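Architecture and fold: a report
Each chain, written out:
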Amino acid sequence: MSTPTPTPPFATVEDYEARAGVTLVEPQRSQVQAYLDDASALMRRHIPAGFTPDPATTRAIAVAVVRRVMANPGGYRQRSIGQYSETLGENGGLYLTEDEIDMLQPEDNADPDADAAYTLGMRDEGLPGWRADPGDWQAVGWTRGRL
């Protein structure tokens, strides 16, 4: 029995370097490669079967996930050393944001105008038995000006 061929990550170490503005050396290069593999596996869990997201989108998301984990690998919200304290702007660790998960989903084309504004035309049919034109009152026995 053969083992399945692993799928390549959505981004490369070179993609990470270009977007982070860094040149990596070992061991960080191997670490980024491992995180890209992990981020891609995490992303695949959120992609519906049969759907292929835009490669540029998956590349951007994979790099963003890895940049978060590289900036804050422990997932700390705050850290202190002596009198020095730092509050971090976002959680670290390997995770996808809600927006990133949404970008991995197909657009709902079942009703393309579902979230668009629209106008309803209103039409007054009147009460049953009434006629739309008051000039027709004579035909049903009414005379103008009489109630």
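As a starting point, this report considers the structure included with it. Remember, it's a predicted structure, so these values are computed and weren't measured experimentally.

1. Side note on helix α3 (residues 55-71)
Helix length check: α3 (17 residues) gives 24 Å between terminal C-alpha atoms against 24 Å at 1.5 Å per residue, within 8%. Within the sequence span of α3, burial applies to Thr-58, Ile-61, Ala-62, Val-63, Val-65, Val-66, Arg-68 and Val-69. At its buried positions, α3 is contacted by α1 (13-20), α2 (28-44) and α4 (98-103).

2. As for the side chain of Glu-17
Looking at the element boundaries, Glu-17 is found in helix α1. A polar side-chain atom of Glu-17 sits 2.9 Å from a polar atom in the side chain of Arg-29. Sequence-distant contacts of Glu-17, that is, excluding residues within four places in its chain, are made with Val-22, Thr-23, Leu-24 and Arg-29.

3. Re the packing of α2 against α3
Axis separation between α2 and α3 bottoms out at 9 Å; the angle between their running directions is 125 degrees. Here α2 lies oblique to α3, going by the angle between them. The interaxial crossing formed by α2 with α3 has right-handed handedness. Of the residues in α3, those touching α2 at Gln-31, Val-32, Tyr-35, Leu-36, Ala-39 and Met-43 are Thr-58, Ile-61, Ala-62, Val-65, Val-66, Val-69 and Met-70. Class assignment of the residues belonging to the contact of α2 with α3 gives a composition of 11 nonpolar, 2 polar and no charged.

4. With respect to the packing of aromatic side chains
Applying the stated criterion across every chain, the model contains 0 aromatic pairs. The aromatic ring of Phe-10 is capped on one face by Arg-44, whose charged end is 4.4 Å from the ring centroid.

5. A look at the pattern of salt bridges
Here the structure, examined in full by the defined rule, presents 5 salt bridges. The salt bridge involving Arg-19 is made with Asp-15; its shortest N-O contact spans 3.9 Å. Taken together, the positions of Arg-19 and Asp-15, both in helix α1 and 4 residues apart, correspond to about one turn of that helix. Across the pair Asp-15 and Arg-59 runs a salt bridge whose closest N-O atoms are separated by 3.7 Å. With Asp-15 in helix α1 and Arg-59 in helix α3, this residue pair connects regions lying 44 residues apart in the sequence. Take Arg-59: its relative accessible area is 25%, and that puts it in the partly exposed class.

6. Section: α2
For α2, which comprises 17 residues, the first-to-last C-alpha distance of 24 Å matches the rise-based estimate of 24 Å (1.5 Å per residue) to within 8%. Looking at the buried positions of α2, the neighbouring elements they touch are α1 and α3.

7. A look at the packing of α1 against α3
Interaxial distance between α1 and α3 falls to 10 Å at its minimum, and their mutual angle equals 70 degrees. In terms of axis orientation, α1 runs roughly perpendicular to α3. Contact residues: Asp-15, Tyr-16, Arg-19 and Ala-20 in α1; Arg-59, Val-63, Val-66, Arg-67 and Met-70 in α3.

Procedures and definitions
Residues numbered from 1 in each chain as written. Predicted model: local features only at pLDDT ≥ 70, side-chain atom pairs only at ≥ 80, totals over all residues. Heavy atoms only, no water. Helix = DSSP H or I, 4+ residues; strand = E, 2+ residues; numbered from the N terminus. Expected span 1.5 Å × (residues − 1). Buried < 20%, exposed > 50% of the residue type's maximum accessible area, 1.4 Å probe, protein only. Contact = heavy atoms within 4.5 Å. Polar contact = N/O pair within 3.5 Å; in protein donor to acceptor, adjacent residues only side chain to side chain. Axes fitted to C-alpha atoms, helices over the stretch in contact; angles between N-to-C directions. Parallel < 35°, antiparallel > 145°, perpendicular 65-115°, else oblique. Left-handed = near helix turned anticlockwise from the far one by under 90°. Nonpolar A, V, L, I, M, F, W, Y, C, P; charged D, E, K, R; others polar. Phe/Tyr/Trp six-rings, centres within 6.5 Å; stacked < 30°, edge-to-face > 60°. Lys NZ or Arg CZ within 6 Å of the ring centre and 35° of its normal. Salt bridge = Lys/Arg side-chain N within 4 Å of Asp/Glu carboxyl O.

By themselves, these observations are geometric and do not establish any function.
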